[in-house]
Amino acid sequence: MPDSQSQPSPWPPHSSGSSGQPDAAPLLLCGARLTDGRTVDVRVGGGRIEAVGTAGSLTPGPARTSAARVDLGGYLLLPAPAEPHAHGDTTLSAEHPGPVSYAPEDVQRRATEAALLQLGHGATAVRAHVRVGDVQGLGALGAVLQARRSLRGLAELTTVAMPRLLTGVAGADGLAMLRDALKMGASVVGGCPDLDPDPTGYVEAVLEVASEHGCPVDLHTDAADPARLSRLAAMAGGLRSGVTVGPCAGLARLPGEAAARLAEQLAAAGVAVVCLPQGGCGAADRRGTAPVRLLRAAGVRVAAGSGALRDVANPVGRGDPLEAAYLLASAHGLRPEDAYDAVSCSARAVLGLPEVRVEAGFPAELLAVRGDRLSGALSLAYSRVVVHRGRVVARTSAVREYCNSAAAAELGLPRQGRGELS
């Protein structure tokens, strides 16, 4: 694992640990590199970026005598990623034999652990899809909402209520459960219309409930049926609170002209697409990734999520936004800047969060990664420092050690580590 032990610890001396409350003291991030090549200091206060200046130029600020200093020499400073597609009720369940446990204490523990894992990767905001109705009722949702409360101050966790059926006699219970879920605290209406006998009726019901409550919509669909996706786009265009669909891997299996027409319809309706380059999820069994370049060319906002995090749909899912960006760049031809945008700025926009830039006045939601260029950070993003609401909330450090070798000495290769290996 790579990183240098000679660097000062980037953990601020006055961090408030696990209390869940932001530090009152200002924060100075010193010597960070930006994607434009500049090396800067960044002063943070009140959860926002107060100033960005050349390295060594900033002080704690007026009427302040001290500030926690974080040395980010050797780090690239970026807007923090966000996770737009997690599954809070089934996450981290693959390693346990038998059916997934929906006992509230198990769901809460797994959802909390998963959000902390994703926070360590840099995701300061997570949207968790949670099934409601059927066997689990509202118990799983209540457990994820409890996890959300316990994470306050560390990460933002929002929930999507996902009923299985919404049409016909059987769907009446699902519709009532969906409205109860919103009263409990779910903030997004979702589900998988592909699983309902009447997919169009399902979408109509979701949009009606979302309109009643003024909340966004996030729907699972493979998008393999062009007529169905076209109807969804036509119906969704009038919802002011926003509509997201994903993972839409079926679009990549359609003829090019048909996929291009659908992409134009999604763009005209303002419907965003969340793709899952790391794998599928339980609500969309077909694998593959949406045609991200085609969608972006049509003007569709494309974000990337992690999908399943070590559950039956993907037992080795990592939940790492930078891996999703790496795959978009390496396997789908996006520039590193566009690939990272899909897991940061575009992902935040899908979640309805304010824009983040490393500029004065913007929220202090930041990720520092060892490296000096974005392409290198996506390739070898081992060491990370995560800032949420102006406070360092997570740090990952990695070390690579080499034994002595003549080749290394002759070539002058950099040595990283504590010392020599025997």
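Fair warning: this is a prediction, and the values are worked out from it, not measured in the lab.

Asks: For this particular structure, what's the right way to read the overall build of the protein chain?
Replies: Along its length, the protein chain carries 12 helices and 16 strands. Long-range pairs, those at least 24 residues apart, make up 72% of the contacts in the protein chain between residues at least 6 apart in sequence. For the protein chain, the accessible area works out to roughly 17,800 Å², and carbon and sulfur atoms hold 51% of it.

Asks: I tried to follow the environment of Val 209 on my own but got confused; where do I start?
Replies: Structurally, Val 209 can be placed in helix α4 (residues 199-213). Residue Val 209 is classed as buried on the basis of its relative accessible area, which comes to 0%. A C-alpha to C-alpha distance of 7.7 Å links Val 209 and Val 189, two positions 20 residues apart in sequence. Once residues within four sequence positions are removed from consideration, Val 209 is found in contact with Leu 175, Leu 178, Arg 179, Leu 182 and Val 189.

Asks: Sorry, what's going on with unusual backbone geometry here?
Replies: Excluding glycine, residues mostly have negative phi values, and the peptide bonds linking residues are mostly trans. At the junction of Gly 246 and Pro 247, the peptide bond is cis and its omega measures out at 0° in the coordinates. The topology assignment puts Pro 247 in strand β11 (residues 243-247). For Leu 92, which is not glycine, the phi dihedral falls at a positive 60°. Structurally, the position occupied by Leu 92 is in the loop between β6 (83-87) and α1 (104-121). Positioned with a positive phi, Arg 310 is a non-glycine residue whose angle comes to about 50°.

Asks: Before we go on, may I ask you to explain the side chain of His 87 in this structure?
Replies: When you line up the elements, His 87 lands in strand β6. A polar side-chain atom of His 87 sits 3.4 Å from a polar atom in the side chain of His 220. Once residues within four sequence positions are removed from consideration, His 87 is found in contact with His 129, His 220 and Cys 281.

Asks: Sorry, what's going on with the sheet that holds strand β9 (residues 188-191) here?
Replies: Where strands meet in a sheet, backbone hydrogen bonds hold them as pairs that are either parallel or antiparallel. If you walk across this open sheet you meet the eight strands as β6-β7-β8-β9-β10-β11-β12-β13, and the pairing is parallel. Each edge of the sheet is formed by a strand with only one pairing partner; in this case those strands are β6 and β13 (302-304). The mean inter-strand angle of the sheet, taken between neighbouring strand axes irrespective of direction, is 30°.

Asks: Is there a simple way to think about the packing of α4 against helix α5 (residues 226-236) in this case?
Replies: When two helices pack together, their arrangement is given by the angle between their axes and by how far apart the axes lie. The interhelical angle for the contact between α4 and α5, taken along N-to-C directions, is 20°, at an axis separation of 10 Å. On the basis of their axis angle, the class for α4 and α5 is roughly parallel. Judged by the twist between their axes, the crossing of α4 over α5 is right-handed. Judged by residue contacts, Pro 199, Thr 200, Val 203, Glu 204 and Leu 207 of α4 engage Arg 228, Arg 231, Leu 232, Met 235 and Ala 236 from α5. Residue composition of the contact of α4 with α5, by class: six nonpolar, one polar and three charged.

Asks: Looking at this structure, how should I read helix α8 (residues 321-332)?
Replies: Owing to its 3.6 residues per turn, the α-helix aligns residues three or four sequence positions apart on the same side. Taking 1.5 Å of rise per residue, 12 residues should cover 16 Å, and α8 covers 15 Å from first to last C-alpha, within 8% of that figure. Between the side-chain oxygen of the N-cap and the backbone nitrogen of Leu 322 there are 2.9 Å, and the N-cap of α8 in question is Asp 320. Just downstream of α8 lies Gly 333, where phi reads positive at about 80°.

Asks: For this particular structure, what's the right way to read empty space enclosed by the protein?
Replies: Rolled over the atoms, a probe with the dimensions of a water molecule shows which regions are left empty. In total, this model carries two cavities of 30 Å³ or more according to the counting rule given. Taken as a whole, the largest cavity holds about 90 Å³ of empty space. If you trace the largest cavity, you find 13 residues lining it, with Ala 86, Gly 88, Thr 91, Ala 114 and Gln 118 closest to the centre. Of the residues contributing to the lining of the largest cavity, the split by class is eight nonpolar, five polar and no charged.

Asks: Is there a simple way to think about helix α6 (residues 256-269) in this case?
Replies: With 14 residues, α6 should reach 20 Å at 1.5 Å per residue; the first-to-last C-alpha distance of 20 Å fits that figure. Where α6 is concerned, the buried positions are Ala 258, Ala 259, Leu 262, Ala 263, Leu 266 and Ala 269. For α6, the angular spread of the buried residues around the axis is 135°, confining them to a single face. Residues Glu 257, Glu 264 and Ala 268 are exposed on α6 and point more than 90 degrees away from its buried face. Those residues of α6 that are buried are in contact with α5, β12 (272-275) and α7 (292-297).

Asks: Looking at this structure, I do not really get the environment of Cys 248. What am I missing?
Replies: When you line up the elements, Cys 248 lands in the loop between β11 and α6. Those residues in contact with Cys 248 that sit more than four places away from it in its chain are Thr 221, Asp 222, Ala 223, Val 273, Ala 290 and Pro 291.

Asks: Just to check I follow, could you spell out the confidence of the model for the protein chain for this structure?
Replies: Fine structural detail should not be taken from predicted coordinates in areas where pLDDT scores are low. In this model, the protein chain carries a mean pLDDT of 89, and residues with pLDDT of at least 70 account for 87%. Here residues 13-20 is modelled with pLDDT under 50, and outside its nearest four sequence neighbours on either side it reaches 14 contacts, counting other chains as well.

Asks: Just to check I follow, could you spell out the side chain of His 129 for this structure?
Replies: Summarising the element assignment, His 129 is placed in strand β7 (residues 125-132). Those residues in contact with His 129, other than ones at most four positions away along the chain, are Pro 84, His 85, Ala 86, His 87, Gly 88, Asp 89, Val 160, Met 162, Asp 218 and His 220.

Asks: Looking at this model, I keep getting lost on the pattern of salt bridges. Mind explaining?
Replies: Pairing is possible between side chains that carry opposite charge, provided their charged atoms lie close to one another. According to the stated counting rule, one finds 18 salt bridges in the structure shown. Linking Arg 335 and Glu 337 is a salt bridge whose minimum nitrogen-to-oxygen distance equals 3.4 Å. Taking relative accessible area as the criterion, Glu 337 reaches 43% and is therefore assigned partly exposed. In this structure, Arg 373 and Asp 372 form a salt bridge, with 3.4 Å as the shortest nitrogen-oxygen distance. With a relative accessible area of 54%, Arg 373 lands in the exposed category. You can call Asp 372 partly exposed: its relative accessible area is 40%. The network of salt bridges with shared partners includes Arg 296, Arg 335, Glu 337 and Asp 338.

Definitions and cut-offs
Residues numbered from 1 in each chain as written. Predicted model: local features only at pLDDT ≥ 70, side-chain atom pairs only at ≥ 80, totals over all residues. Heavy atoms only, no water. Helix = DSSP H or I, 4+ residues; strand = E, 2+ residues; numbered from the N terminus. Contact = heavy atoms within 4.5 Å. Areas by Shrake-Rupley, 256 points an atom, 1.4 Å probe, with all protein chains shown as cover. Buried < 20%, exposed > 50% of the residue type's maximum accessible area, 1.4 Å probe, protein only. Polar contact = N/O pair within 3.5 Å; in protein donor to acceptor, adjacent residues only side chain to side chain. Pairing = 2+ DSSP bridges. Axes fitted to C-alpha atoms, helices over the stretch in contact; angles between N-to-C directions. Parallel < 35°, antiparallel > 145°, perpendicular 65-115°, else oblique. Left-handed = near helix turned anticlockwise from the far one by under 90°. Nonpolar A, V, L, I, M, F, W, Y, C, P; charged D, E, K, R; others polar. Expected span 1.5 Å × (residues − 1). 1 Å grid on protein atoms, 1.4 Å probe; cavity = no way out; pocket = protein on both sides within 12 Å on 5 of 7 lines; lining within 4 Å. Points joined across faces, edges and corners; volume = space filled by probe spheres on them. Arc of directions from axis to C-beta. pLDDT = per-residue confidence, 0-100. Salt bridge = Lys/Arg side-chain N within 4 Å of Asp/Glu carboxyl O.

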